[in-house]
Amino acid sequence: MELGENQSTKVYVCHPWVVPRLLDLQINESHHTSIRVIEEEYWRQPLIEYLEHGKLPEDSRQRTYIKRRAPRFIFYKGTLFRRSFKGLFLRCLDKEEARQVMEEAQCGSCGAHQSGPKLHFRIKRMGYYWTTMVNDCMEHAKR
C-alpha cells in the first residue's frame, strides 16, 4: 500500500521490544573507525541497497530474487528487519552475531541445551533472523 503526501496511517506494534524506541537511544559524539573484513558475500547488503536506494544487482536472477524477497524486509535506522509470519519484525544478523546468539540461547544464562529445531524457534522468539538459521541451529546443536 502506498500513501500519498497528505495521507497517514496507524502502525500497531505488538511487541515494542523488537524495534528499539527512539527516545531510549542516546547519541554520543565520538570519532571511531571500525573495520570489518567481509570474506563471503554479505546476504543483507543487496536487500539494504534495494530498500534504501532502489539499486538492484546486475545479475537478472539475483535481481528477481531481491525483488521477490524485499517486501518482507524493512530497513529502519540502519538496521535490517524481516517481517515474521505473525507480523513481528525480526532483526537480521550477520554470521558473527548469529554465532553469538546461538551460543547465548544454547549455553548462556538463558540457555537450556535445546535440539536444533527448538533452538531455531527460541531464537526467532528472541527476535532474530538470518537466512541459514535452521541449518546453523541444527549444526550448533550437534556440537
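Basis of the calculations
- Residues numbered from 1 in each chain as written.
- Predicted model: local features only at pLDDT ≥ 70, side-chain atom pairs only at ≥ 80, totals over all residues.
- Heavy atoms only, no water.
- Helix = DSSP H or I, 4+ residues; strand = E, 2+ residues; numbered from the N terminus.
- Buried < 20%, exposed > 50% of the residue type's maximum accessible area, 1.4 Å probe, protein only.
- Arc of directions from axis to C-beta.
- pLDDT = per-residue confidence, 0-100.
- Contact = heavy atoms within 4.5 Å.
- Phe/Tyr/Trp six-rings, centres within 6.5 Å; stacked < 30°, edge-to-face > 60°.
- Lys NZ or Arg CZ within 6 Å of the ring centre and 35° of its normal.
- Pairing = 2+ DSSP bridges.
- Core = buried A, V, L, I, M, F, W, Y, C linked by side-chain atoms within 4.5 Å.
- Axes fitted to C-alpha atoms, helices over the stretch in contact; angles between N-to-C directions.
- Parallel < 35°, antiparallel > 145°, perpendicular 65-115°, else oblique.
- Left-handed = near helix turned anticlockwise from the far one by under 90°.
- Nonpolar A, V, L, I, M, F, W, Y, C, P; charged D, E, K, R; others polar.

(A) Region of interest: unusual backbone geometry. With a phi close to 50°, Lys 77 is a non-glycine residue in the positive phi region. On the secondary structure map, Lys 77 appears in the loop between strand E1 (73-76) and strand E2 (79-83).

(B) Quick peek at helix H5 (residues 133-142). Among the residues of H5, those classed as buried are Met 133, Cys 137 and His 140. The arc enclosing the buried residues of H5, seen along the axis, measures out at 65°, which places them on a common side. Pointing more than 90 degrees away from the buried face of H5 are the exposed residues Asn 135 and Lys 142.

(C) Region of interest: the confidence of the model for the protein chain. The pLDDT averaged across the protein chain works out to 77; a share of 73% of its residues lies at or above 70. Throughout residues 15-20 the model reports pLDDT below 50, and contacts reaching past four residues in sequence, or to other chains, amount to 11 contacts.

(D) Broad picture of the packing of aromatic side chains. Going through the model one piece at a time under the given rule, you end up with three aromatic pairs. Lying across the ring of Tyr 129, Arg 82 places its NZ or CZ 4.7 Å from the centre.

(E) Structural context of the pairing of E1. In the sheet, E1 pairs with E2 via four bridges, with the strands oriented antiparallel. The partner of Phe 73 across the bridge, within E2, is Arg 82.

(F) Structural context of the sheet that holds E1. The four strands are arranged E1-E2-E3-E4 in an open sheet whose pairing can be described as mixed. For this open sheet the edge positions go to E1 and strand E4 (128-129), each flanked by a neighbour on one side alone. Pairing between E2 and strand E3 (residues 89-92): three bridges, direction antiparallel. Bridging across to E3, Phe 81 finds its partner in Arg 91.

(G) Examining the nonpolar core more closely. Within the largest apolar cluster, 19 residues are counted, with the highest numbers of intra-cluster contacts made by Leu 47, Phe 73, Leu 80, Ile 123, Tyr 129 and Trp 130. Residue assignment for this core shows that the elements contributing at least two residues are helix H1 (44-53), E3, helix H3 (95-107), helix H4 (116-126) and H5. Ranked by residue count, the leading element in this core is H3, at four residues. Non-local contacts of Phe 73, meaning those with residues more than four positions away in its chain, are made with Trp 43, Leu 47, Leu 51, Leu 80, Phe 81, Arg 82, Cys 92 and Tyr 129.

(H) Geometry of the packing of H3 against H4. Orientation of H3 relative to H4, taken along the N-to-C sense of each, is 110°, at an axis distance of 10 Å. Compared by their axis directions, H3 and H4 come out roughly perpendicular. You can see that H3 and H4 cross each other, and the crossing is right-handed. Counted together, Val 101, Met 102, Ala 105 and Gln 106 of H3 and Leu 119, Arg 122, Ile 123 and Met 126 of H4 form the full contact between these two elements. Considering only residue class, the contact of H3 with H4 consists of six nonpolar, one polar and one charged.

(I) Main features of the packing of H4 against H5. Packing of H4 against H5 brings their axes to within 8 Å, and their N-to-C directions diverge by 125°. As judged from the angle between their axes, H4 and H5 are oblique. The way H4 lies across H5 gives a crossing that is right-handed. Facing H4, whose interface residues are Gly 116, Pro 117, Leu 119, His 120, Ile 123 and Lys 124, H5 presents Met 133, Val 134, Cys 137, Met 138, His 140 and Ala 141. The residue inventory of the contact of H4 with H5, partitioned by class, reads eight nonpolar, three polar and one charged.

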